[in-house]
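# Notes for the structure review
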Amino acid sequence: MNGYQFAHTQTYSLKGNKVNRSVKDVLGENSRQIGQANHVENVKPPVIRFGVDPMELLPIIEQRIADAKANLKGTGKRIQSNTHVMEGSVFSHPYTVDELRNDKDAQKKYVAWRNDMIKYAINDANSRGLETLSVVEHLDESHPHIHVLNIVKPSDDNPRLDAKNCHAGHRASKLSQANGDNPKQQMAEYRSAMKKWQDDIWENVSAKHGLTRIGPRKRRLTRSEWSKQKEGAQQLQQSIEYKQSIDNELKDVQQVRDENTLLKADVTNLQNDLNALRVEYSDLEQRSKAEYDDLRDRANAVIQEKDKLIEELTPTTPAFRPR
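Model, not experiment: these values are computed from the prediction.

Conventions adopted
- Residues numbered from 1 in each chain as written.
- Predicted model: local features only at pLDDT ≥ 70, side-chain atom pairs only at ≥ 80, totals over all residues.
- Heavy atoms only, no water.
- Helix = DSSP H or I, 4+ residues; strand = E, 2+ residues; numbered from the N terminus.
- Buried < 20%, exposed > 50% of the residue type's maximum accessible area, 1.4 Å probe, protein only.
- Areas by Shrake-Rupley, 256 points an atom, 1.4 Å probe, with all protein chains shown as cover.
- Pairing = 2+ DSSP bridges.
- Core = buried A, V, L, I, M, F, W, Y, C linked by side-chain atoms within 4.5 Å.
- Contact = heavy atoms within 4.5 Å.
- Axes fitted to C-alpha atoms, helices over the stretch in contact; angles between N-to-C directions.
- Left-handed = near helix turned anticlockwise from the far one by under 90°.
- Nonpolar A, V, L, I, M, F, W, Y, C, P; charged D, E, K, R; others polar.
- Expected span 1.5 Å × (residues − 1).
- Polar contact = N/O pair within 3.5 Å; in protein donor to acceptor, adjacent residues only side chain to side chain.

Our next topic: the overall build of the protein chain. A tally of regular secondary structure across the protein chain gives eight helices and five strands. Walking the protein chain from its N terminus toward its C terminus, one meets helices and strands in the order β-α-β-α-β-α-α-β-β-α-α-α-α. For the protein chain, with 323 residues in total, the buried portion stands at 32%. A total of about 21900 Å² of accessible surface is found on the protein chain, and carbon and sulfur atoms cover 51% of it.

Here's what the structure looks like:
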């Protein structure tokens, strides 16, 4: 089965409003706190895939706000209750929970997508000045999905811990406003930035797992056209997997080549060491022979001197002459 990607990201404040939920509400829903997930028929505890339980983020956020407020004293800058201090993203897979429960191949594909998605989401958040503190998986709704919860990393560039300054769409809209664009142009920049955010997810994760960028309804595709789109996505996935296998084989070949180069270098070094030992042995042998010859000559000289001394000290016996 192939389908389309679903990704959504949003920022939240401690206070919340009629349009946007508060940080506490979002954390409670993600943590499956009583009364916070009324849209779920059979509530099950979340599976923590990274970091801590969502409810543990609240005191962390409050402490960071307190620290930031202390640093902002005298600067004229403030962190208010409606300042957006957290970003929450959700990524869903087209498989249903029932399909995962009954199909091992579907489970394998889903887990591969989930792991890649978590890794990408954490790196993406970090590149935008955010720190991921919690990633939870929900398997109690129709489709399996993950929630990624990020808070702002303290920095001189963002002393108010404003999560909107790290959000691709809000950041683009704010820059457009600073350039003097009208609200319509600002919204166009917001949508363009979010489209790129979606495109990046598709290029880095979804395409590798056979998902299309956009679903059939949004593009008003017929059943036949949608079927062709899914087949195309599956073929693209197979092409990416084939290219990856070729790349892996090339890496293996290069690794063997590198190892052979190192082995050749080791052989050359050993040969040089052996030649050096041979030269050293030859020199030692020559020095030993010279020292042996010198000792032998000196010993012979001493022996000759001793023999001569003995001869001098030995009395001579007169020759016998009969009378």
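So much for the structure itself; the text now carries on.
Of all the eight residues making up strand β5 (residues 145–152), eight are buried; the element is thus mostly covered by neighbouring parts of the structure. Side-chain alternation along β5 places His145, His147, Leu149 and Ile151 on one buried face and Ile146, Val148, Asn150 and Val152 on a second face that is also buried. With antiparallel pairing between neighbouring strands as the criterion, strand β4 (residues 130–138) and β5 make up a hairpin whose turn holds six residues.

Attention shifts here to the nonpolar core. Counting residues in hydrophobic clusters, the biggest one holds 23 residues, and the most contacted among them are Phe91, Trp113, Met117, Ile146, Trp197 and Ile201. Contributions of two or more residues to this core are made by α4 (104–127), β5, α5 (168–178) and α6 (183–204). Tallying contributions element by element places α4 first for this core, with eight residues. If we skip the residues at most four places from it in the chain, Trp113 touches Phe91, Ser92, His93, Val205, His209 and Leu211.

Okay, helix α1 (residues 23–31) next. Most of α1 sits inside the fold, with seven of its nine residues counted as buried. Looking at the packing, one finds that the buried side of α1 touches β1 (6–13), α2 (57–72), β3 (84–92), β4 and β5. Remark: Arg32 follows α1 within two positions and exhibits a positive phi of approximately 60 degrees.

With that out of the way, let us pick up unusual backbone geometry. At Arg32, a position not held by glycine, the phi torsion is positive, near 60 degrees. The residue Arg32 is located in the loop between α1 and β2 (47–51) in this model. Positive phi, close to 55 degrees, is recorded for Leu161, a residue that is not glycine. By secondary structure assignment, the location of Leu161 is in the loop between β5 and α5.

Two elements in contact, α5 and α6, have axes whose closest approach is 7 Å; the angle formed by their N-to-C orientations is 150 degrees. The chirality of how α5 crosses α6 is right-handed. Only Gln185, Gln186, Glu189, Tyr190, Ala193 and Met194 of α6 make contact with α5, whose side of the interface consists of Ala168, Gly169, His170, Ala172, Ser173, Ser176 and Gln177. Looking at the contact of α5 with α6, its residues break down into five nonpolar, seven polar and one charged.

What follows deals with the sheet that holds β2. In spatial order, the strands read β1-β3-β5-β4-β2; together these five strands make up an open sheet with antiparallel pairing. Of all the strands in the sheet, the pair left with one neighbour each is β1 and β2. Averaged over neighbouring strand pairs, the angle between their axes works out to 20 degrees when direction is ignored. Helix-sheet contacts for α1 involve β1, β3, β4 and β5, and the interaxial angle to β5 is about 145 degrees. Set on the sheet, α6 makes contact with β1 and β3; between it and β1 the angle comes to about 130 degrees.

What follows deals with α4. When the terminal C-alpha atoms of α4 are compared, their 35 Å separation across 24 residues agrees well with the 34 Å that a helix rising 1.5 Å per residue should span. Listing the buried residues of α4 in full gives Ala106, Tyr110, Trp113, Arg114, Met117, Ile118, Tyr120, Ala121, Ile122, Asp124 and Ala125. Where α4 begins, one side-chain oxygen reaches toward the backbone nitrogen of Asp105, 2.9 Å away; that side chain belongs to Asp103. Looking one or two residues beyond α4, the residue adopting positive phi is Gly129, at roughly 85 degrees.

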